[in-house]
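# Analysis of the macromolecular model
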Amino acid sequence: THEIIIAPSILSSDFAKLGEEVRAVDTAGADWIHVDVMDGHFVPNITIGPDVVKALRPHSKKPFDVHLMIAPCDAYLGAFAEAGADMITVHAEAGPHLDRSLQIIKGLGKRAGVSLTPSTPETALEYVLDKLDHVLVMTVNPGFGGQTFIPAQLHKIRAIREMIGSRPIRIEVDGGINADTAPLVVEAGANTLVAGSAVFKDREYAGNIEAIRAAALR
Ligand code: DX5
Ligand code: ZN
């Protein structure tokens, strides 16, 4: 869990040619492909469902990191697993039975993660740590790409780094990550960086991914 993983979020790509966009970031050096799933209920936006994930699956061999911003989520976990998700992340705020959701994901043979919105404390993770492959710290309020990084989340990343100790749990950050904020989150303990607008801002995907990676390793 020491190397830096860069996971471009296709939320900021051109939805009219998603397959092509996935192939382009794969070739450009993405480690994982981050897929933002929104339901218009848990978050005020609607994006991608399991059928789209399934349609994208043949376009890349890289792990699909599926971030579910949906509530309730349990009824859809099987569909996303079947569609080709490798990692499935659910929100701690999405329902009363986080432990059950994680058990379902592990039962499907997928890597399980919990995401925390900016107002949720790290203590929400305390009793589910042993079921986690990763934690996803939202560094913006979920719903949209292109928002500004919330610096108060650095404290949370540090607290989670401490909490996980020697467990092999990755710390992923999502929201407002670019070459300026990457060094801050890595210094605090993150090792997996989601980036949407910073990767897709222009056609230079490889250069944009490399700039974030280089900044993270500084
Ligand atoms: C926001 C999504 C993020 C988003 C990040 O709800 O979870 O993955 O796409 O976009 P940027 O990197 O532009 O903040
Ligand atoms: Zn996301």
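Quick caveat, the model's predicted, so the values are computed rather than measured.

## A few points about the sheet that holds strand β3 (residues 64-69)
Strands sit in the order β1-β8-β7-β6-β5-β4-β3-β2 across an open sheet of 8 strands; the sheet is parallel. The open sheet has two edge strands, β1 (5-8) and β2 (33-38), and neither has a second partner. Between one strand axis and the next, the sheet turns by 20° as a mean value, whatever way the strands run. Bridge count between strand β4 (residues 87-91) and strand β5 (residues 111-116): 5 bridges; the pairing is parallel.

## Considering the site of ligand 1
Every one of the 21 residues lining ligand 1 counts as a neighbour, but Ser9, Pro142, Gly145, Gly196 and Ser197 are closest to it. At the level of elements, β2, β8 (192-195) and α7 (197-200) are the ones that each hand at least two residues to the shell around ligand 1. A breakdown of the residues in the shell around ligand 1 according to their chemical character gives 7 nonpolar, 12 polar and 2 charged.

## Re helix α3 (residues 74-83)
Residues of α3 that are buried include every one of Leu77, Phe80, Ala81 and Ala83, and no others. For α3, the angular spread of buried residues about the axis comes to 155°, placing them on one side. When the buried face of α3 is taken as reference, the exposed residues oriented beyond 90 degrees from it are Ala75 and Glu82. Where α3 is buried, its residues contact α2 (50-56), β3, β4 and α4 (98-107). Of the residues flanking the end of α3, it is Gly84, one or two places downstream, whose phi is positive at about 120°.

## Regarding the UniProt feature "binding site: substrate" (unreviewed entry) in the chain
Those residues carrying the UniProt feature "binding site: substrate" (unreviewed entry) are Ser9, His67, Gly143, Phe144, Gly145, Gly146, Asp174, Gly175, Gly176, Gly196 and Ser197 in this numbering. Along the chain, Gly145 falls in the loop between β6 (134-138) and α5 (153-164). Once residues lying within four places of it in the same chain are set aside, the contact partners of Gly145 are Ser9, Leu11, Ser12, Gly196 and Ser197. Residue contacts for Ser197: discarding those within four places in its chain leaves Ser12, Gly145 and Gly146.

## Observations regarding the UniProt feature "binding site: a divalent metal cation" (unreviewed entry) in the chain
UniProt annotation of "binding site: a divalent metal cation" (unreviewed entry) refers to His34, Asp36, His67 and Asp174 when read in the numbering used here. Over a stretch of 141 residues, the named residues converge on one spot in the fold, their C-alpha atoms separated by at most 10.5 Å. Along the chain, His67 turns up in strand β3. Here His67 falls in the buried class, since 27 other C-beta atoms lie within 10 Å of it.

## Remarks on the environment of Glu162
Relative to the helices and strands, Glu162 is located in helix α5. Given 10 C-beta atoms within 10 Å, Glu162 falls into the exposed group. In this structure the C-alpha to C-alpha distance between Glu162 and Gly189, which are 27 residues apart in sequence, comes to 8.8 Å.

Criteria and cut-off values
Each residue is numbered by its place in its chain's sequence as written, counting from 1. Naming scheme: in the order in which they are written, chains are lettered from A and ligands are numbered from 1. This being a predicted model, a pLDDT of at least 70 is required before a residue's local features are given, and a value of 80 or more before pairs of side-chain atoms are given or counted; all residues contribute to the totals for chains, interfaces and linings. A pair of strands counts as paired when DSSP detects no fewer than two bridges linking them. By the criteria applied, helices consist of DSSP H or I runs no shorter than four residues and strands consist of E runs no shorter than two, each listed in order from the N terminus. Axes here refer to lines fitted to C-alpha atoms; in helices the fit is confined to the stretch in contact. Angles between the N-to-C directions go from 0 to 180 degrees. Being near a molecule or strand means, for a residue, that its C-beta atom, positioned from the backbone, comes within 6 Å of it. All amino acids are sorted into three groups, where Ala, Val, Leu, Ile, Met, Phe, Trp, Tyr, Cys and Pro are nonpolar, Asp, Glu, Lys and Arg are charged, and the leftover types, Gly among them, are polar. Buried, partly exposed and exposed are defined by the number of other C-beta atoms within 10 Å of a residue's own C-beta, namely 20 or more, between the two limits, and 12 or fewer respectively, with C-beta atoms placed from the backbone. Relevant arc is that of directions from the helix axis to the C-beta atoms, nothing else. By the convention adopted here, residues are in contact when the distance between their C-beta atoms, placed from the backbone, does not exceed 7 Å. UniProt positions are given in the numbering used here, feature names are shortened, and annotations may be inferred rather than shown by experiment.

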